[in-house]
Every structure is written in C-alpha cells, then in structure tokens.
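Structural overview
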Amino acid sequence: MATLTTRTRETELLEREQDLAALAALLTDVGEERRGRLVLLAGEAGIGKTELLRRFCHEHASSTRILWGACDALFTPRPLGPLIDVATLTGGELEALVQSESKPYEVAAALLAELGRNAPTVLVIEDLHWADEATLDVVRLLGRRVESAPALVLISYRDELDRAHPLRVLTGELTTDASVRRMEVDALSREAVARLAEPKGFDADDLYRTTGGNPFFVTEVLAAGDVEIPNTVRDAVFARAARLSPTARTLLEAVAIVPPNGELWLLEALAPEAVGHIDECLASGMLSAEPDGVAFRHELARMAVEDAIPPDRRTALHRKALAALADPPAGEPDLTRLAHHAEAAADADAVLRFAPGAAAHAASLGAHREAAAQYARALRFGDCLDPEERAGFLTRRAAECFITDENAEAIEAERRALDLYRELGDHRMEGDALRSLSVFLWCPGRIAESAQAGREAVAVLEGMPPGRELAMAYGNLATFGDAVVWGRRAMELAERIGDTETAVHALVTLGFAEAMDGLSAGMEQLSRAIQIAEEAMLPEQVGLAYDLLALACVHTRSHTLADDAIARGLAYSSEHGLELYRLYLLAYRARSRLDQGRWEEAADAAAAVVRVPRASTMPRTLAQIVLGLVRARRGDPGQWPPLDEAWILAEPTGEELRIGPAAAARAEAAWLEGDRGAVASATDEALKLAVRSERSWTIGELAYWRWRAGIDEEVPGAAAPYAVQIAGDWRRAAELWSDLGCPYEAALALADAEEEAPLRQALEVLQGLGARPAASIVARRLRLRGAKGVARGPRPGTKRNPSGLTAREVEVLSLMAQGLRNAEIATRLVVSVKTVDHHVSAILRKLGVQTRGQASAEAMRLGLAVQDR
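Residues numbered from 1 in each chain as written. Predicted model: local features only at pLDDT ≥ 70, side-chain atom pairs only at ≥ 80, totals over all residues. Heavy atoms only, no water.

**Here we look at helix 34 (residues 640–650)**
This is how it is decided: Only protein chains enter the accessibility calculation, which uses a 1.4 Å probe; a residue is then buried when its area is under 20% of its type maximum, exposed when over 50%, and partly exposed in between. Under the scheme used here, helices are H or I runs from DSSP no shorter than 4 residues and strands are E runs no shorter than 2 residues, and both carry numbers assigned from the N terminus. To obtain the arc, one takes the directions from the helix axis to the C-beta atoms. The criterion used for residue contact is that any of the two residues' heavy atoms lie within 4.5 Å.
The set of residues buried in helix 34 consists of Pro-642, Leu-643, Ala-646 and Ala-650. All buried residues of helix 34 project into a common sector of 100° when viewed along the axis, lining one side. Summarising the geometry of helix 34, the exposed residues directed more than 90 degrees from the buried face are Pro-641 and Ile-648. In this structure, the buried residues of helix 34 make contact with helix 33 (618–634) and helix 35 (656–672).

**Topic: the packing of helix 27 (residues 500–515) against helix 29 (residues 539–555)**
Which entries qualify depends on this criterion: What counts as an axis is a line fitted to C-alpha atoms, over the stretch in contact for a helix, and the angles between N-to-C directions run from 0 to 180 degrees. With respect to orientation, any angle under 35 degrees is reported as roughly parallel, any angle over 145 as roughly antiparallel, any angle of 65 to 115 as roughly perpendicular, and every other angle as oblique. As a working rule, the residues Ala, Val, Leu, Ile, Met, Phe, Trp, Tyr, Cys and Pro are called nonpolar, Asp, Glu, Lys and Arg charged, and the rest polar, with Gly in that last group.
It is at 10 Å that the axes of helix 27 and helix 29 come closest, and there the two elements cross at 5°. By the angle class used here, helix 27 and helix 29 are roughly parallel. Between helix 27 and helix 29, the contacting residues are Glu-501, Val-504, His-505, Val-508, Phe-512 and Ala-515 on the first element and Gln-541, Leu-544, Ala-545, Leu-548, Leu-551 and Ala-552 on the second. Partitioned by chemical class, the residues of the contact of helix 27 with helix 29 number nine nonpolar, two polar and one charged.

**A short note on the environment of Val-610**
On the secondary structure map, Val-610 appears in helix 32 (residues 599–611). Residue class for Val-610 comes out buried when judged on its relative accessible area of 14%. When the C-alpha atoms of Val-610 and Leu-586 are compared, they prove to be 10 Å apart, with 24 residues separating the residues in sequence. Once you skip the residues sitting within four places of it in the chain, Val-610 turns out to touch Arg-620, Ala-623, Gln-624 and Leu-627.

**Here we look at the pattern of salt bridges**
What counts is decided by this rule: Salt bridges are counted wherever a side-chain nitrogen of Lys or Arg sits within 4 Å of a carboxyl oxygen of Asp or Glu.
A full pass over the atoms with the stated rule returns 54 salt bridges. The partner of Arg-428 in a salt bridge is Glu-469, and the shortest N-O contact between them spans 3.3 Å. Of this pair, Arg-428 sits in helix 23 (residues 427–442) while Glu-469 is found in helix 25 (residues 468–477), placing the two residues 41 residues apart along the sequence. A salt bridge links Arg-568 to Asp-564, with the nearest nitrogen and oxygen atoms 2.9 Å apart. You can see Arg-568 and its partner Asp-564 sitting in helix 30 (residues 559–575), four residues apart, about one turn around the helix. Owing to a relative accessible area of 34%, Arg-568 belongs among the partly exposed residues under this scheme. A network of salt bridges, in which partner residues are shared, links Asp-137, Arg-140, Glu-173, Glu-579 and Arg-582.

**So, the sheet that holds strand 6 (residues 262–263)**
Our working definition: Note on pairing: DSSP must find at least two bridges between two strands before they are called paired.
With antiparallel pairing, the three strands of this open sheet are ordered in space as 6-8-7. Both outer strands of the open sheet, strand 6 and strand 7 (287–290), are each paired with one neighbouring strand and no more. Of the strand pairs in this sheet, strand 6 and strand 8 (residues 293–296) are connected by two bridges, and their pairing is antiparallel. Across the sheet, Glu-263 pairs through a bridge with Gly-293, a residue of strand 8. Here helix 13 (residues 246–256) sits on the sheet in contact with strand 6, strand 7 and strand 8, set at roughly 85° to strand 8.

**Side note on the pairing of strand 1 (residues 37–43)**
By the criterion of burial, strand 1 is predominantly enclosed, with seven of the seven residues buried. Here strand 1 shows no split at all, with Arg-37, Val-39, Leu-41 and Gly-43 on one side and Leu-38, Leu-40 and Ala-42 on the other all buried. With seven bridges joining them, strand 1 and strand 4 (residues 151–158) adopt parallel strand pairing. Within strand 4, the position partnered with Val-39 by the bridge is Leu-154. Where strand 1 and strand 5 (residues 180–184) come together, five bridges link them in parallel fashion.

**Points about the packing of helix 29 against helix 30**
This is how it is decided: Handedness of a crossing is defined here by the sense of rotation of the near helix relative to the far one, left-handed for an anticlockwise turn of less than a right angle and right-handed for a clockwise turn.
Following both chains from N to C, one finds helix 29 and helix 30 inclined at 155°, their axes separated by 9 Å at the closest point. Accordingly, the angle class assigned to the pair helix 29 and helix 30 is roughly antiparallel. Note on packing geometry: the crossing formed by helix 29 with helix 30 is left-handed. Of the residues in helix 30, those touching helix 29 at Pro-539, Val-542, Gly-543, Tyr-546, Leu-549, Ala-550, Cys-553 and Val-554 are Leu-561, Ala-562, Ala-565, Ile-566, Arg-568, Gly-569 and Tyr-572. The residue inventory of the contact of helix 29 with helix 30, partitioned by class, reads twelve nonpolar, two polar and one charged.

Set out below in structure tokens:
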C-alpha cells in the first residue's frame, strides 16, 4: 500500500475540498458521539470516487483504523467479495464467518462487532454497483444498525444504474435513515480542467468538451502525452499503454483478465516473463499496489485493455487463469472466479464443473440473483447434458429467478423443464413443474393460466402414489378458491408423509384463509408456521408466511399486527435475499400507513415501489392505489392516472384480491368528486366477485361506497365496521374504526351524525389529515344545519394548498372560475394584464391542466373558487 499512499499524497485533487471537509466533519461526529454514520458516495464511472476516498483515508490514517473492501467486476460477482477483503485484514470471527457460507445477517452482526472494537474506524466498500445480493443484504443491515458502532462507513457506487438495478432500491431505502447521507461527486468545472490542461499545452475548451470534466477522462488524455486528443477514453488508455515496454503491456493484459486484482502468484502463472515489470506499470499510473498483488487504478482502463486483447490470446489467458485458480497455493478454490474464467475460456466441461457449485454457494448466502446467473451460465454450455440434468438446472434456475421477481425468466425456464420431464415420462416431476409454473404465473397476474397449470398439476400427480409434490399442488389450488378444502387436503397428506416443508405450506394456506376474515386463529396459524419454518431452516416458507400474514393484517385493518409483521418480514427477507417477498411487503406497508392516516409516509412508500419496475403486478397495483387515494383524499390533482393504471393491472386478472381494492379506490375517488354514477359502474362487477369469494372486508368496502352514493341494496357478509355504518349506527361505526386506528374512516362515520358536536369532531379530524374534499362535505352539512363559525380549513397558501399556488394565484383562479377574462381580472385586482397572464400560466402548470375550463373545474373541486368571508 506504500505506493498508493505516496501517489495519493503527491497528486493534486481539485475541487474536492468541500467533500473532504464534509467527510472529516462526519468522522469527528462519530468520534465525539460514538454513533456511526454511513455515506453513499455516488458518481459516474471515472468521476474520482476512489481518489477522493484514498485522499480522505490517507489524511486520517494516523488517527483512524482504515478497512477497505472492493466489489468484483466479474460477470457474476463473488458472494460477499468486499467483506472477504475486509475480513482478511481483521481476521477473527468475521473472517471465519465469510469463509463458512454464513448468512448475511450473521456477517453483518460480526462486522458491526468488529467496527466497535477499535474506535474510530473508517470502513470503505468500493464499487457497490457490482455487489452480489449477499453483500447488498449486509449493507442494508449495516445501514439500519450503523449507529450502534463508532464507525464511518463510506460506500461508493456508480449512479448510472438501470431502473431495475437492486442497488437503486437499496439506496432509496437507506437514505430515509437519519444516520445515512448521500454525497454526489461532481465532474470537474471548466476552470479546473483548464488548470490541468495548461501545463501540458492542451486546448482547455477542447479537453473539457471531449471529456465532460470527468477526471479519469481528463487525466488519461493528459497522461497520453503529446498526442492528439483522443475521441474516447479507450484511445487515451491505449496511448498511455503504448508508452510501456512490450513486456509490461503483457503484464497489463494479464491483470486485465483477472478482476478485481491480480495476485502475484496468479500473474506468475499467466505471464511469468512479465512479473518483473510490475514497477514499470505502477510508475505509469496504470496499476496500483494491492496487499497481495496489483490492480488497475480505473476499471474503465481495465475494460479497455481487456477488450483490446486479441481473442485467441484472451482465451489462452483465461485458460491459464482457470488452471491456476483451480489449484491455489492457499485456501479453497473460488468457484465464482473459476466459473467466470471457464466461460471466458469457452471450456464447457469446466463451466459445468464449477458453475453449479458457484450457484449453490450463492444461493446459500441469499445471493439468489447470482445463483440464477450461474445456472444460466451452466445451461449455456449444457449441450452435452442429458435431459434429466438439463431439466434439473432449469428447475433450479427458475426457482432462483422467481425469488428475485424475474418472473419472465422463471416461467421460460420452468416451461423448458416441463417439456423435458414430459419427454422423459417423469410424471412426478412433470406435475411438480406444473405446480411451480402455476406459482410463477400468478405473480405477473396471469391468473387464468396459473389456475389451469395448478389444476393440471393435481390431475397429473393424483395418478401417482401420493407424495410431497401432490401435497404442495393441493396447497397451491387454494389460491383459486375453496382454500380451506384444499388446505386441509394438503395438511392431511403432509402429515401422512411426514414432510415438514409441505406441512408448513399447508399451515400457511389454512392460516391465510382464516386470517383474511380477521379470525385470530388464522393469524396464530401463520405465526406458528413462521416459527416452524425458521426452526426447520426453510427461508422461502418463512418469507411466504410473513408475506401472507402482513397482507391479512393490512386487509383486516389490524394495524398493530401489520406493522410488526411487515417490519419483521422485511428484516428477514433482506437478510435472506428474498427480494420477491420484500417487494410485496413494501407495498403492504404503504397501504397500512394510508389506512392509519400517515398519508405522507404512505405516498413516499408507494412511490418507492412504483419507481422500481418489477414483474409482479400486485405490489405495483397496491402502490398505485395508495398514490391515487392520497391525492384524492387531499384534493390534489392527478389522482386518476395511478387509479387507472391500478385498474388496468387488476381487471384482466379476474381476481378479487386485486380487483376489489382497485374498484373500491375508484369508487371513493368518484364519490369525493360527487359522481355517484361512476361509483356504481366502478363497483358493480367487483361486488359480485367479492360476494362469490366471501371476502367480508372487500364486500363491506365496496357496499359502503355504493351506500354512500345512494344505492339502496342489501348486501350480506360485510365486515362489522362497514355493516354497522350502512345500518345507520354511525356512533358504533366510529368507535370500531377508532379502535382499529383508522382516523379517516372514523371521521367519515362521525360525519353521518345529525348532531353538531360529532360533525365538528369529524371536521377537525379531516382538516388535521388534510382531507380537503371530505372536510368540505362535512362543513357544508354543518352550515346547512345552521352551525355558526364553521372553519373553512387552512387558507390555500403556498405551504398548504396541494398544488403550491400562491395566495395571489388562488385569487386569480377564483376569478377565473367565475368566468372573468384576463383583462377583467387585471381590472379587478388593479394589476397589469401581463401580470395576470403570468399568473394564469403558472396556475395551469401547477394544476397540471391545459385550459382555463379545466382550471376552473379544478378550482371548484378543490374548494379554491369560494373566497373566505
């Protein structure tokens, strides 16, 4: 590390003073308060994140312990790669855990303990965008608990992330915590580039335009010397490498094909004649020293060098790396690296020898995305596999894709496996594949196909001696009706064959059926299933049970239980890499917060789900419902697009679980607008479906909005709060809703009173929630009853009105709604017509409308067209 330290000290680091000062202040806080902090350091490739971290660590190395780990730039990264680097430095329990396939939560706990041993400590985790899922899970847990250790954790990553990248979700979650901060590393200014270019005689404007101020691009171009400015960084790298001796370039090639770094013993195997030229490469700045070898200073440079290696030589180098890594001088072979080089060497036998083991290792650590990629790698080279082996790999890949919510890939792999099992005449595996396919098809909302596959699975398996496959198939059919009947069949068979996993699955099925009607016995069964599954080390069954327990609690408005189930479920899913169940739980959390009157939190939680495109449609449906209802209840514009999307996703499924909430949300939004006909059309078919499904809470919610809209009908089977309200007992309904912790519903119940006191109470609650449309309805009822001094709620100033209108803009909007033209408004307000023109443009933009008529309609709906007296 001496070379790195020297270079960092001597290199000028431009325009990073504020970043260094901010990090230093955080480190001081950590030392004084003994509470940890985590910093997410974001920036594009080559922007200087590593140099900034190196400089900071160098400046504080004398007074602070520095731990540094980096994620691998492999096709499929090593599970816990950066933690292995850190554990090598710390030794002890952490090293033992990362070498023994421990779970992420165990590694996180050991890491926190290690960080607490020597205060203060700076932990750097570099290039998190390349991290495996197990590492991401450790970081997620570390972020949640970092305050407990006197350490400053610095995590760098590239911010050019794909929308579906799991790191996008992780950073969104972490930045909501007060102990986590996000820092953006910016490009260099034109002035800074000029300062660097001037001594080299380069045209600063051309250099800035070519590089965009990216420090790596700038320094690589300048380091190329007296050559024409390259059009790409690739050219800059090649120009710099060309100044090395041919043997040193050979070493560069060897280092380039063994990311993240080339150990000395490995380089001796790849290019023994070139190892003596390490100093030349270090002096050039192309490579940097690592504890046990060398690595490229910039990943972009490594990639450029690797891409330029002739194909035949690249293949030969990967073959040498494969042979060397298969028999390392110390420790066990790294299956992930072996599989990487086997693929690059086009060695099918080696891929099939190492990739499955690497997949199993990744899955054991909760890195399911990496496991799926390793199985895909094996299948790409699996032409020599017999049909049974190929089907097995396809089945395992499908399962790993499913748990990471890559349903299209899971369905495609399972269909291919199904075809192979049919060719083999293996009916037991054919039936099990059909059952799995049914599960996979349900998530993206392909309910008819899912049900058909589920029925086919039972038909096939009932022709075989009964076993766990049939029990699981019975439990799966509970999804499509007669849940108790099918759940009991599954339980009876599971107990007969003595299989714990199928018994847990059956218990979950039965518990969910009862819990959805609010029965405590069902909740207890689901809790017991979680305990049994945890003891039996069945993480996917635990995740499923938490998922269904949370859904049942939210559905029945059991919010205390819901909050607990969601919190524990999210923690467990994060620790075990169960991305699918985490996504559902995040959507349930958004709905629960909506029902508890925590609307700002609900909207934030729902937006976080919507921002991440996933294959499963139910979480997105629920999140869009929450966003639409928050806007509708507040009187904000833009409630219909999310409600329309939710309906588009739900309606084709024909499933009450999705259609019921979407229909009820549309009905409520229509009622708030005074459109009673839309309430009826939104709920007609949905209510029939709910009655057939015997879902009391869905029946009650749909019947309630129809009753509110004046539809006189008798609908049996509604849940108690709704049934009591429809029966006219508003007082008891308000008590029930209050007991459930649903303030909005309780206020609406009070609003049905004839007496002034409960009406005023309802108005106060609704105004406190920011429920302007409903508050306006209650205020009108009070005035019709002759009540005096009825508050109209907050004035629609900039801080309080939903669209951010200023007081003057509200005044202009009110006059627009009265039909006045701009010149008339200007005369009324004693301002210029041009000023009114500006106000009108701002109003249209803020309300999200295009015409004066639409703006006037919004003003009436939001209650902004009536002036306070």
